[in-house]
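# Survey of secondary and tertiary structure
Read off the chains here:
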Amino acid sequence: MHVHKQTNVQTNVSINDENAKLLIELGILDVIIKILHSKTKIDEEAIEASAQLLQQLSFTSAKDLRKNRDIMNELTELKSSKNTGISEAASFALLSIQGHSRTMGTSKKQIMISYSWEQQSLAKKLKSRLSDRGFDVWIDVEKMEGATVDAMAAAVEGSVAIIILVSEAYKESKNCRSEAVHARKCKKKEIYALAEPNYNPSTEGWLAFMMCDDLYYNLVGDFEKEAEK
């Protein structure tokens, strides 16, 4: 249990990208390997916390993880875990580390909507609007679990553009970040749409860095005006 608490603390700390790099320098990968090598003796919460930490570290230290054979072997094994939290974190970590690996074609009409679970209602409305205009829209209507991560990766790679619904919840989600980062690696057109009233997307963090000075649509305002008509 002590190991579990320690790993959880490290997961929270590593949300900051600079702290994530520092953890790598301090040898956190050796600690994680020791934990995972003892997974038959510890509870699943500690394993899940370790997998989530590796997912977080994959955003800034993919090369360090890729060249660590023990880490890659453990992540590959964890991807097949019956625990969805463990398999999901391991799948997203591997996606971030290994990057674009498919050779499938891109549909000129397929658009993917990437969103946080809190904005699902808005995402569905947007999907309906785009579908009415003749676009094929890929949207996850169930929370990503295990093998579904592969379906998401394929959706990114098969889409001509990714619409990112910008919100505080999106910024705080490791899984949303994994989707956005994968889209960037695949060089997809990124379209940003504000999905939370009064949220300032220019605040510090990975999402603000990705958006840079790009313009974004006020999706909330558009739908409010539409409802008033």
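Use the structure listed above.
Report on the accompanying structure.

About the thresholds
- Residues numbered from 1 in each chain as written.
- Predicted model: local features only at pLDDT ≥ 70, side-chain atom pairs only at ≥ 80, totals over all residues.
- Heavy atoms only, no water.
- Helix = DSSP H or I, 4+ residues; strand = E, 2+ residues; numbered from the N terminus.
- Contact = heavy atoms within 4.5 Å.
- Areas by Shrake-Rupley, 256 points an atom, 1.4 Å probe, with all protein chains shown as cover.
- Pairing = 2+ DSSP bridges.
- Axes fitted to C-alpha atoms, helices over the stretch in contact; angles between N-to-C directions.
- Buried < 20%, exposed > 50% of the residue type's maximum accessible area, 1.4 Å probe, protein only.
- Core = buried A, V, L, I, M, F, W, Y, C linked by side-chain atoms within 4.5 Å.
- Salt bridge = Lys/Arg side-chain N within 4 Å of Asp/Glu carboxyl O.

## Digging into the overall build of the chain
Scanning the chain from N- to C-terminus turns up 13 helices and five strands. Considering only contacts in the chain between residues 6 or more positions apart, those separated by 24 or more positions represent 77%. When the accessible area of the chain is evaluated, it comes to approximately 12300 Å², of which 49% is carbon and sulfur surface.

## Topic: the sheet that holds strand β1 (residues 110–114)
Two orientations exist for strands paired in a sheet by backbone hydrogen bonds: parallel and antiparallel. Spatially, the five strands line up as an open sheet ordered β2-β1-β3-β4-β5, and their pairing is parallel. Strands at the two margins of the open sheet, each flanked by one partner only, are β2 (136–139) and β5 (217–218). As paired strands, β1 and strand β3 (residues 161–166) are joined by four bridges and run parallel to one another. When the sheet's bridge partners are listed, isoleucine 111 is paired in β3 with alanine 161. Those strands touched by helix α9 (residues 148–157) are β1, β2 and β3, and its axis lies near 130° from that of β1.

## Details of unusual backbone geometry
Both trends apply: most residues other than glycine have a negative phi, and most peptide bonds are in trans. Positive phi is not limited to glycine here, since lysine 187 has a value of about 60°. The residue lysine 187 is located in the loop between α11 (174–185) and β4 (189–194) in this model. Here asparagine 198, not a glycine, exhibits a phi torsion of approximately 70°, which is positive. Residue classification places asparagine 198 among the exposed residues on the basis of a relative accessible area of 83%.

## Remarks on the nonpolar core
Counting 24 residues, the largest nonpolar core has Ile28, Leu29, Ile32, Leu54, Leu57, Ile71 and Leu75 as the members making the most contacts within it. Looking at this core, the elements that each hand over two or more residues are α2 (17–25), α3 (28–37), α4 (44–57), α6 (69–78) and α7 (84–98). For this core, the element with the most residues is α7, which contributes six residues. Ignoring anything within four residues of it in the chain, the contact list for leucine 29 reads Ile24, Leu54, Leu57, Asp64, Leu65, Asn68 and Ile71. In this structure, Phe92, Ala153, Leu194 and Tyr199 belong to the second largest nonpolar core, which totals 23 residues.

## Focus on the pattern of salt bridges
Scanning the model with the defined rule gives four salt bridges in all. One salt bridge in this structure joins glutamate 190 and arginine 184, with 2.5 Å as the shortest N-O distance. Residue classification places glutamate 190 among the buried residues on the basis of a relative accessible area of 15%. Classification of arginine 184 as partly exposed rests on a relative accessible area of 37%.

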